[in-house]
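Letter by letter, the chains look like this.
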Amino acid sequence: MSKAGGDEGGGSSSETAEQPEAKTPAGAALSKLSATTVGPDWTKVSCPCCVSERVEPLVLVKLGEKVRPETKRWLIRVIGAPQKDGGAALLAHPGEEATGDIIVLSAPRCTLLKATEELGLCKTYDSGEMEAFSYNDRDNFKDSDNMEVFLTLAERQYIVKYELDGLRAQRDLRIPGLSDRHTLQHRDNIWRKLGSAGVIVDTLPLHNPDQLKDLSEAWYAGNQLAQPLDSVNGYFGSSVAFYFSFLDFYTWSLLPPAILGLTITYFSGEVQKEMKESLSGSPVTSDDDSGTAVSGHMIQAVFSMLWSTVVMELWKRRSSSLSYRWGTMHLAERFAEPRPGFHGGIGLNPVTGRMEPLFPDWQRDLRMALLSIPVVGLFLGLVVLGMLCFYWGEAQVQELHKDWDSLLSQTLLYVPSVLHISYTNVLATVYRTVAKSLTEYENHREESAFENHLTAKVLVFTFFNYFAVLFHIAFFKQDVPLLRKRLASLLIITQLLNQVTEVLIPFLVDRFISAPHRTESEDDPQEDKFRNQSTLPAFPGLFAEYIELLVQFGYLSLFSCVFPLTAVLLLINNLTEIRTDAYKICKLFRKPFSPPAANMRVWQIAFEVLSFVSVVSNCWLLLLSPWLQKLFQEGGWSSTHVLLLAVLVEHVLILVKVVLAVLIPDEPDWVRKKREHIEFTSMQALREQKLH
């Protein structure tokens, strides 16, 4: 979409309301917005079916302080202009003053329905089945005349953003009230251009206080164990709902390994001895036979390998069921329009046949080779530097403990781990910001390509940052007691740091710094309440949350055989994590835009890769068992025979994992049939459109 027509490219006066030159009384504006009644300040619609007595405020656009009135009026005309004239076909309200710094947006029925088809959302047909929505067949879909029922709040708000991001200039055009250096060039992204010019400061979806209150009470304020996932999907969108669904599923999946770990620890004297040695840093004598402990470690290792496979296969089934229920299993990515951040020289796209920004692939590859890869390598080098400092510190405190042998020196044994864990967390935070900037610089055309390259950078660094030192301790130093102590430190300290940085600090900032500046009462103008929402910090996204779960999953599947209580600590952490994450997204941050999602996307692949690596890790960790080494020595086994046995066992377990993955279908049979039916009806509808 792009803008054109009218004065300076705005829509015609028949499509939008006359913009008031004088200030509108705050009381009148309040009544218009709070009652959501159509008035002269809302832009008008030309389509009769879109005329409604109520307008639901969905999105707030915050303008720069120095934006001139003519620029605001022009922007409102562009937003309200029909799509055929290059507008967004949305409803806009100037706020309490025509010259104020906000614009409130909503969307008429036809705009919402057309975007629903473009996005590939599935909705309930008159027959009661889920079908891919078709605008031409809209009257046969249930509740298609009531947008607040037909589409969730998150979907309606995302569609507004979707239309704004698609605004592109149809011709070179000067923006009223701005200098010539901000002139729009043909096919420029209007929303991005206005942001760089300082016209648009922020765009955020608005909270619905009543819905948010009901969701909070059902989610984290009570004593209920089950999460209201359908309500989360309706309010925050499927991207957020899938994360909380996986967090819930994964948390309860920790029960079996937690019970097994407690059982092994309780009944195995050797495991108890190892725990005491790890905590005290000194040898502990024990008369118990070590055979039981070794068998316990073996059981834990084999169980972890099989558990990780079963959990991910069962999650795929649950994920497919949720995507059907939430209508996101048939999503389509818009190819015609590049992502808002994409830029390049204007030219003819040979695929779309349209004039748009073009950027050669070789330039992108050159940027990745000359900048992205070296910078990623630099951060990996910083990881190695931190690991070397950790080993040096570990050696120093060990010597100190031998000399002092006191409670203080015993406490100092954990200082290198604490410092190194803090270092890795800070490094990870900095790297995520750098990785995003690098991916922006690479200038990917599609949003999916941008997300995939960003995620790949973060995953490579995350695996190296969090697991390199553990693999080095296990397979190069072959120091199982140090590995056990390091893993225990990671599980406890990292989780405490995450809770402090993710919840406690934002809460304190909100409680003592931000909240006093946004106090409001029921009598305050609605626009002031909207502005208060913009003072909250932006939601940081789910990237860090998925990374946290991925690292947890790695600790459990890769190394839990040396520390059986891993699942117990993770289960305790995650039971609180569900509520703290829910509180955080509801109260401490702005409401995020949430694009429809059919699954966890690339994160699901990352979890499956870790599940596969767990076979190799656990097999080789078991070879470090003193009992097994003693057994091989007594049996006269050479190192070659031991190596061959380990490889054989590894391949057998990999085969078992593959068989389990094949035996457990990725989606239930009923979901598969529904999906195939949706694909068939979509093809039929497309064929009929071509015939007509």
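Our subject is the structure that appears above.
Residues numbered from 1 in each chain as written. Predicted model: local features only at pLDDT ≥ 70, side-chain atom pairs only at ≥ 80, totals over all residues. Heavy atoms only, no water.

Trainee: I would appreciate a short explanation of the overall build of the protein in the present structure.
Mentor: Within the protein one finds 24 helices and ten strands. Restricting the contact set of the protein to residue pairs at least 6 apart, pairs at least 24 apart contribute 75%. Within the structure as shown, the protein displays about 31,300 Å² of accessible surface, and the carbon and sulfur contribution to it stands at 61%. (Helix = DSSP H or I, 4+ residues; strand = E, 2+ residues; numbered from the N terminus. Contact = heavy atoms within 4.5 Å. Areas by Shrake-Rupley, 256 points an atom, 1.4 Å probe, with all protein chains shown as cover.)

Trainee: Sorry, what's going on with empty space enclosed by the protein here?
Mentor: Vacant regions in the atomic arrangement are exposed by a probe of water-molecule size rolled over the atoms. Under the definition given, this model contains three cavities of 30 Å³ or more. Roughly 50 Å³ of volume is contained in the largest cavity. Of the residues in the lining of the largest cavity, the class split is four nonpolar, six polar and one charged. (1 Å grid on protein atoms, 1.4 Å probe; cavity = no way out; pocket = protein on both sides within 12 Å on 5 of 7 lines; lining within 4 Å. Points joined across faces, edges and corners; volume = space filled by probe spheres on them. Nonpolar A, V, L, I, M, F, W, Y, C, P; charged D, E, K, R; others polar.)

Trainee: How do you make sense of the sheet that holds strand β2 (residues 59–63) when you look at a structure like this?
Mentor: Within a sheet, neighbouring strands are paired by backbone hydrogen bonds and run either parallel or antiparallel to one another. If you trace the four strands from one edge of the open sheet to the other, you get β3-β4-β2-β8, paired in antiparallel fashion. Since the sheet does not close on itself, it has two edges, and those belong to β3 (91–93) and β8 (200–205), each with one partner. Neighbouring strand axes in the sheet, compared pairwise and without regard to direction, differ in orientation by 20° on average. Where β3 and strand β4 (residues 102–106) come together, three bridges link them in antiparallel fashion. Pairing of A92 across the sheet is with L105, part of β4. Those strands touched by helix α5 (residues 153–165) are β2, β4 and β8, and its axis lies near 115° from that of β4. (Pairing = 2+ DSSP bridges. Axes fitted to C-alpha atoms, helices over the stretch in contact; angles between N-to-C directions.)

Trainee: Explain the packing of aromatic side chains here, please?
Mentor: The description of two aromatic rings rests on the distance between their centres and on the angle between their planes. Scanning all chains against the criterion turns up 31 aromatic pairs. Summarising the aromatic geometry, the rings of W219 and F236 are spaced 6.3 Å apart at their centres and angled 50° between planes, so their arrangement reads as tilted. On the criterion of sequence distance, the pair formed by W219 in helix α7 (residues 209–219) and F236 in helix α8 (residues 229–236) is long-range, its members being 17 residues apart. Judged by centre distance (5.1 Å) and plane angle (80°), the ring pair of F543 and W603 falls under edge-to-face. Placement of F543 in helix α19 (residues 543–559) and of W603 in helix α21 (residues 602–622) is noted, with a sequence separation of 60 residues between them. Both residues of the pair, F543 and W603, belong to the buried class. Each residue in the set W219, Y235, F236, Y243, F244, F543, Y546 and W603 is aromatic and connected to the rest through ring pairs, giving one cluster. R367 extends its terminal NZ or CZ atom over the ring of Y441, reaching a point 4.2 Å from the ring centre. Positioned above the aromatic ring of Y391, the side-chain terminus of K477 is 4.8 Å from the ring centre. (Phe/Tyr/Trp six-rings, centres within 6.5 Å; stacked < 30°, edge-to-face > 60°. Buried < 20%, exposed > 50% of the residue type's maximum accessible area, 1.4 Å probe, protein only. Lys NZ or Arg CZ within 6 Å of the ring centre and 35° of its normal.)

Trainee: Quick question: what am I supposed to make of the nonpolar core here?
Mentor: As a rule of thumb, nonpolar side chains are buried together in soluble globular proteins. By size, the foremost hydrophobic cluster in this structure holds 150 residues, and its most contacted members are W219 and F467. Ranked by residues supplied to this core, first place goes to helix α16 (residues 447–477) with twelve residues. The contact partners of W219, leaving out residues within four places of it in the chain, are Q224, Q227, P228, V232, F236, F244, R579, A582, I585 and C586. Within the second largest apolar cluster, nine residues are counted, among which are W42, V55, L206 and F530. (Core = buried A, V, L, I, M, F, W, Y, C linked by side-chain atoms within 4.5 Å.)

Trainee: Can you help me understand unusual backbone geometry in this one?
Mentor: Peptide bonds are mostly trans, and most non-glycine residues show a negative phi. Notably, D143 is not glycine yet its phi reads approximately 60°, a positive angle. Assignment of secondary structure puts D143 in the loop between β6 (130–132) and α4 (147–150). Given the relative accessible area of 40%, D143 is considered partly exposed.

Trainee: Sorry, what's going on with the packing of helix α9 (residues 238–253) against helix α10 (residues 255–267) here?
Mentor: Axis separation between α9 and α10 bottoms out at 5 Å; the angle between their running directions is 25°. One element, α9, and the other, α10, form an angle in the roughly parallel class. Contacts between α9 and α10 involve T251, W252 and S253 from the former and L255, P256 and P257 from the latter. Considered class by class, the residues forming the contact of α9 with α10 number four nonpolar, two polar and no charged. (Parallel < 35°, antiparallel > 145°, perpendicular 65-115°, else oblique.)

Trainee: Could you clarify how one ought to interpret the side chain of E577 in this entry?
Mentor: Here E577 shows up in helix α20 (residues 566–588). Here E577 is buried and forms no salt bridge, its nearest opposite-charge partner K584 lying at an N-O distance of 5.7 Å. Once residues within four sequence positions are removed from consideration, E577 is found in contact with Y243, L247, Q499, E502, E545 and E548. (Lys, Arg positive; Asp, Glu negative; His and termini not counted. Salt bridge = Lys/Arg side-chain N within 4 Å of Asp/Glu carboxyl O.)

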